[in-house]
Amino acid sequence: MKYLSEYRDGDIARGLVQTIRSVTTRCWVLMEVCGGQTHTIVRYGIDELLVDSVELIHGPGCPVCVTPLAQIDRALALASRRNVIFTSFGDMLRVPGSKSDLQQVRAGGGDVRVVYSPLDALEIARSNPAREVVFFAVGFETTAPANAMAVWRAKELDVRNFSVLASHVTVLPAMAAIVESPQNRVQAFLAAGHVCTVMGWTEYEPLAEKYRVPIIVTGFEPVDLLEGILLAVRQLESGRHQVENQYRRSVKREGNLAAREMVSTVFKPVDRSWRGMGPIPASGLALREEFVAFDAELKFELQNIAVAESDRCRAGDVLRGHLKPFECPAFAGECTPESPLGAPMVSSEGACAAFYNYRRHRTADGLKR
Amino acid sequence: MCLGIPGRIVEISNEGRFPMGVVDFGGVQRDVCLAFVGDDVGVGHYVIVHVGFAISVVDEQEANRTRELLTELVRPGVVGSAAEPGINRLARKPGLL
Amino acid sequence: MSAALIRDWFLPHFANDALEQLGDAAVVDLQSGRVAISTDTFVVKPLEFPGGNIGSLAVHGTLNDLGMMGAKPRYISAGFVLEEGLSLEVLDRILHAMAAASREAGVPIVTGDTKVVERGKADGVFINTTGLGEVDAGFAPAPNLGRPDDAVIISGAIGRHGIAVIAARNELGFDVDIESDSVNLCPLVEMLRMEVGDSVHVLRDPTRGGLASSLNEIAAASRVGIELDEARIPIPEPVTATCEMLGFDPLYVANEGIMVALVDGTAATTAVAAMRAVSLGGQATVIGRATAEHSGLVTLKTRIGGSRIVAMLPGDQLPRIC
């Protein structure tokens, strides 16, 4: 596949690994922000190939993982209602709520449908005027323009049976929270390439400056990640701390202005609590006044909801990079993808799931680590 | 975070409210909304698609430049011996692992 | 109703002496020696897809299950549970495909059964096929006979059937140019038997759960480790592309027209050449080897030189965005 397969080229990747090893004089600590990047790293064994040169800490960039438990429970409540068609991205289906998950609700007769695009959900609403259609609008800034467009279009067409259960989070405040924490060990960030495709990177410049951390806007294929790591360690070795763009084929400094405009037309920044990490100021997006008729939380009066998180789940520590998944006592024992304690074991972008799928033997056999 | 896949625009329609395209991803085709890249694209361009929307146009010049640079980097002789891991003498692991 | 259905729709497709007698059972001849028997029930949605339908799948599937044990298939039975309201045109196409598959393989459908259930109680049609085959004492591959240093050989590219079926469901709005690979693999098995005989230790067609699941089962049964080389596994571009879009791993996607073989290391080259001589096996290639280490575990050397395990997959893969 063009512009994809080339970035999986074994020769180039191996060359980059050698270069990284040859320029590092110590082991640096890097964080890749996005779950998709974590997935690639673990799947291709990049962290093991670079074990003496960099330590990769896996960041909280998994929107499925950080969706608050209360929001999952609201989703389950809505999906169980007889007149509701509940639409969602496939990822959310097995995320555990306090007592159940969307897949179980579907098995019990709830009309839960997986969609690829929010516009598909809107189409379902237009084709089923007698039913209420709710779309679970989860995601980072990458997905916000698409979700915003669906709401904007619904308003334009006056589609009254469509609403969204919004759970949008933004990445920069989380990165700031991580680097501001007294226990922070992260010395450089690999920023999420598709978030930056939308948002650009201007907002990272003050962060790089204030905390003296290199921030490399990085793609998702093995060659992208290796090049990003190389740019990061070169900066660290020479004492620089700038924002640099590895994902040049997709990201421009100002991002995608049309997409950003759509997002700010429909959404406004709000404080948001991240599952496992607690409240992070101005880290969420909520619907603006003019679009409030499309807010499922208000429409269905679901504001107050009591939740019960597992007390054995260490997702918060994993998301903040304080714990590697295999260091969690429940990993691959009590907590598995079939019976997860928390979201990172179930989301295909979750760090726990990545280690379970690709590295489980390391702990099971007591081999290295 | 997000599954953004590059694909080639094979058809564009400007008839609806927004420009829509048919994008080919290595033999798989899907309708894609081009509202966020509208004025910059034509048939044959590559775009990055996320949840049914094109979020950027692939900068083919940059992509080619990167590829040339990287291929140059791994020419035999440019980098040191491929055999040994951990060439750096002063490596120290930060505790865990 | 049933008699007319059988007379007007089934019999015309499946003409053979045993079946036409319409006895309670078919009485057939088998050579003395060991007999292999395999049964499978097919529940596919949608019933028809590029490259086949539930009927051709049902015949090929049972022929292949017999072939994987080294047996030469001789007879098949077919049982049908039909949902009331099933289009007779669709049924006709299904039966036509079954008859064609049976004829092509030289394996007659000698007995069968049909039942009709109310609307909503079956997905159009469920089909069970049971096959009988003759086992040659000198050629009896089995899942537990794999040995360290066996070559792991695949007969063709992976992922086609699963993707063709997902695309045919058309629930996620994309078109993909791929056909199911459903086919009778017995000619390929026969070629292997002739050329390398009992150097073939294990044969398996990786259906539901894909290549990954089959290899895990073999590793466990044979108590060997298996190491794969990612760069050598053939995957058609549309399969890669669809898996990228939906977040699937091609290693877990169902196949209906390829087989994986564990062959003694010394016979690997001959085995691959034998398979490639048949058009079915044109893309046959060594993709890995069995090892005495990490018994029961399947590992993969990635394109870039790192490694990962290829675990058993819990549940079904789901399309994702993020």
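Here the residue numbers are simple positions, counted from 1 along each chain's written sequence. Chain A is the first chain written and ligand 1 is the first ligand written, with later ones labelled in order. Only residues with pLDDT of at least 70 are given local features in this predicted model, and only at 80 or more are side-chain atom pairs given and counted; all residues enter the totals for whole chains, interfaces and linings. As a rule here, side-chain values cover all heavy atoms of the structure and leave hydrogens and water aside.

A count of helices and strands for chain A gives 16 helices and eleven strands. The globule rule used for comparison is 2.2 Å times the number of residues to the exponent 0.38, while the radius of gyration itself is calculated over C-alpha atoms. For chain A, the C-alpha radius of gyration of 21 Å lies close to 21 Å, the compact-globule estimate for 369 residues. Over its C-alpha atoms, taken along the principal directions, chain A stretches across nearly 65 × 45 × 45 Å. Throughout, exposure labels follow a simple rule: accessible area from a 1.4 Å probe, protein chains only, divided by the maximum for the residue type, with under 20% read as buried, over 50% as exposed, and the rest as partly exposed. Across the 369 residues in chain A, those meeting the buried criterion constitute 65%. Any two residues whose heavy atoms approach within 4.5 Å at even a single point are treated as in contact. Once local pairs closer than 6 in sequence are excluded, the contacts in chain A between residues at least 24 apart make up 78%. Approximately 12500 Å² of chain A is accessible, and the part contributed by carbon and sulfur atoms is 50%. Strands are runs of DSSP state E lasting at least 2 residues, helices are runs of H or I lasting at least 4, and numbering of each runs from the N terminus. Only the protein chains shown count as covering a residue, and every accessible area follows the Shrake-Rupley method with a 1.4 Å probe.

Residues and elements named next belong to chain A. Geometry of aromatic contacts follows a simple scheme: Phe, Tyr and Trp rings, the Trp one being its six-membered ring, pair when their centres are within 6.5 Å, and the pair is stacked under 30 degrees between planes, edge-to-face over 60, tilted otherwise. The final tally for this structure, using the stated rule, is ten aromatic pairs over all chains. Ring plane angle 65° and centroid distance 5.8 Å describe the contact between Phe140 and Trp274, whose orientation is recorded as edge-to-face. With Phe140 in the loop between strand E5 (132-139) and helix H8 (144-156) and Trp274 in strand E10 (residues 267-274), the pair connects residues that are 134 residues apart, well separated along the chain. Per residue, the accessibility class of Phe140 equals that of Trp274, and both read buried. Pairing Phe331 with Tyr356 gives two aromatic rings, centres 6.3 Å apart and planes at 80°, and the pair type is edge-to-face. Pair noted here: Phe331 is in the loop between helix H15 (315-319) and helix H16 (351-364) and Tyr356 is in helix H16, with a separation of 25 residues, a long-range link.

To continue, consider the side chain of Thr129 of chain C. Residues and elements named next belong to chain C. Tracing the chain through its elements places Thr129 in strand E6 (residues 125-135). Overall, Thr129 belongs to the buried group, its relative accessible area being 0%. Counting of polar contacts relies on pairs of N or O atoms within 3.5 Å, with two restrictions inside protein: one atom must be capable of donating a hydrogen and the other of accepting it, and residues adjacent in sequence are counted only when both atoms are side-chain atoms. Among the polar contacts made by the side chain of Thr129, one reaches the main-chain carbonyl oxygen of Ala58 at a distance of 2.8 Å. Look past the residues within four positions of Thr129 in its chain and what remains in contact with it is Ser38, Thr39, Asp40, Phe42, Ala58, Thr62, Ile76, Ser77, Ala78 and Met98.

In this section: the interface of chain B and chain C. Facing the 13 residues of chain B at the interface are 16 residues of chain C. Of the roughly 1100 Å² buried at the junction of chain B and chain C (both faces included), carbon and sulfur atoms supply 66%. Accessible area that two parts lose when put together, with a 1.4 Å probe and added across both, is what the buried area reports. Its largest share of buried area at the contact with chain C, chain B owes to Leu3, Val28 and Arg30 of chain B, together 45% of the area lost on that side. Any carboxyl oxygen of Asp or Glu that lies within 4 Å of a side-chain nitrogen of Lys or Arg is treated as forming a salt bridge with it. Summed over the shared surface of chain B and chain C, the result is zero salt bridges. Between the two partners, chain B and chain C, sit two residue pairs in polar contact (both at pLDDT 80 or more). If you tally residues by element for the side of chain B that touches chain C, the top one is strand E3 (residues 28-33) of chain B, at four residues. Think of it as three bins: nonpolar holds Ala, Val, Leu, Ile, Met, Phe, Trp, Tyr, Cys and Pro, charged holds Asp, Glu, Lys and Arg, and polar takes everything else, Gly as well. Its residues assigned to classes, the side of chain B that touches chain C shows seven nonpolar, four polar and two charged. Strands were regarded as paired on the criterion that DSSP finds at least two bridges between them. Bridging between E3 of chain B and strand E8 (residues 174-176) of chain C involves three bridges; their strand directions are antiparallel. Within E8 of chain C, the position partnered with Gln29 of chain B by the bridge is Asp175 of chain C.

What follows concerns the nonpolar core. It is characteristic of soluble globular proteins that their nonpolar side chains tend to be buried jointly. Grouping buried Ala, Val, Leu, Ile, Met, Phe, Trp, Tyr and Cys residues that are joined through side-chain atoms within 4.5 Å yields what is termed a nonpolar core. With 166 residues, the main nonpolar core has Phe162 and Tyr204 of chain A as its most contacted residues. Every residue in contact with Tyr204 of chain A, bar those within four places of it in the chain, is listed here: Val171, Leu172, Met175, Ala191, Val195, Cys196, Ile215 and Val243 of chain A. Counting residues in hydrophobic clusters, the runner-up holds 32 residues, among them Phe14, Leu47, Leu86 and Ala99 of chain C.

Bringing the interface of chain A and chain B into the picture now. Between chain A and chain B, the residue contacts involve 63 residues of the former and 51 residues of the latter. Between chain A and chain B lies a buried interface of about 4900 Å² when both sides are counted; carbon and sulfur atoms form 65% of it. On the chain A side of the contact with chain B, Tyr3, Tyr116 and Arg248 of chain A bury the most area, a combined 14% of that side's loss. Applying the counting rule to chain A against chain B returns four salt bridges. Here Arg248 of chain A and Glu62 of chain B are joined by a salt bridge, their closest N and O atoms 3.3 Å apart. The interface formed by chain A and chain B holds eleven residue pairs in polar contact (both at pLDDT 80 or more) in total. Going through the elements one at a time, helix H1 (10-23), strand E2 (54-61), helix H7 (118-127), H8, helix H10 (193-199), helix H12 (222-237) and helix H13 (257-266) of chain A are the ones with two or more residues in the side of chain A that touches chain B. With seven residues, the single largest contributor to the side of chain A that touches chain B is H1 of chain A. Partitioned by chemical class, the residues of the side of chain A that touches chain B number 29 nonpolar, 14 polar and 20 charged.

On to the state of the cysteines. Any two cysteine sulfur atoms within 2.5 Å of one another count as a disulfide. Scanning the entire structure with this criterion turns up one disulfide over all chains. Left unpaired, Cys335 of chain A is separated from the closest cysteine sulfur, that of Cys313 of chain A, by 6.4 Å.

Before going further, it helps to spend a moment on the sheet that holds strand E6 (residues 162-169) of chain A. All names here are of chain A. Spatially, six strands are ordered E4-E3-E5-E6-E11-E10 in an open sheet, and the strand pairing comes out mixed. Sheet topology places strand E4 (111-114) and E10 at the edges, where each strand pairs with a single neighbour. Within the sheet, the average angular offset between the axes of one strand and its neighbour, ignoring direction, is 25°. Where strand E3 (residues 84-88) and E5 come together, four bridges link them in parallel fashion. Pairing of Ile85 across the sheet is with Val133, part of E5. Most of the contacts of H8 go to E6, to which it runs at about 155°, and overall it touches E5, E6, E10 and strand E11 (278-287). Under this scheme, a helix contributes an axis fitted over its contacting stretch, all axes are lines through C-alpha atoms, and angles between N-to-C directions fall in the 0 to 180 degree range.

Moving residue by residue along a regular strand, the side chains alternate between the two faces of the sheet. Residue and element names in this part refer to chain C. Where strand E1 (residues 35-42) meets E6, eight bridges bridge the pair, whose relative direction is antiparallel. Paired with Ser38 across the bridge in E6 is Gly131. Here eleven bridges tie strand E4 (residues 71-83) to E6, and the two strands are oriented antiparallel to one another. Pairing of Leu82 across the sheet is with Val125, part of E6.

Another aspect to go through is the confidence of the model for chain B. Residues and elements named next belong to chain B. Scored by pLDDT, chain B has a mean of 78; 75% of the residues are at 70 or more. Per-residue confidence from the predictor is given as pLDDT, running between 0 and 100. Within chain B, the element-level pLDDT minimum falls on helix H1 (residues 60-73), averaging 86, and the maximum on strand E5 (residues 53-57), averaging 97. Of the regions scoring below 50 in pLDDT, residues 79-97 engages in 33 contacts with residues more than four places distant in sequence or in other chains. Both confidence scores are given for the complex: pTM 0.89, ipTM 0.91.

Looking now at the sheet that holds strand E11 (residues 260-263) of chain C. Residue and element names in this part refer to chain C. Within the open sheet, the seven strands sit side by side as E9-E11-E7-E12-E10-E13-E14. Their pairing is mixed. With partners counted over all chains shown, the strands left at the sheet margins are strand E9 (200-204) and strand E14 (307-309), one partner each. Along the sheet, successive strands turn relative to each other by an average axial angle of 25°, direction set aside. Helix-sheet contacts for helix H9 (residues 268-276) involve strand E7 (151-154), E11 and strand E12 (285-291), and the interaxial angle to E7 is about 10°.

Residue and element names in this part refer to chain A. For the pair H1 and H12, interaxial distance at closest approach is 9 Å and the crossing angle is 15°. Looking at the two axes, H1 sits roughly parallel to H12. The element H1 and its partner H12 pack so that their crossing is left-handed. Residue-level contacts link Ile12, Ala13, Leu16, Val17, Thr19, Ile20 and Val23 of H1 to Val223, Leu226, Glu227, Ile229, Leu230, Val233, Arg234 and Glu237 of H12. Of the residues belonging to the contact of H1 with H12, the class tally is eleven nonpolar, one polar and three charged. Angles below 35 degrees are treated as roughly parallel, those above 145 as roughly antiparallel, those between 65 and 115 as roughly perpendicular, and all remaining angles as oblique. Helix crossings get a hand from a simple test, with the near helix turned counterclockwise from the far one by less than a right angle marking a left-handed crossing and a clockwise turn marking a right-handed one.

The topology assignment puts Leu257 of chain A in helix H13. Using a relative accessible area of 53% as the deciding quantity, one classes Leu257 of chain A as exposed.

As a further point, take the pairing of E3 of chain A. Residue and element names in this part refer to chain A. E3 sits mainly inside the fold: five of its five residues count as buried. On E3, burial covers both faces: Val84, Phe86 and Ser88 on one face and Ile85 and Thr87 on the other are all buried. Handedness is read with the strands pointing away from the viewer; a crossover is right-handed when the path from the first strand over the helix to the second is clockwise. Note that the unit made of E3, helix H6 (residues 102-107) and E4 has a crossover that is right-handed.

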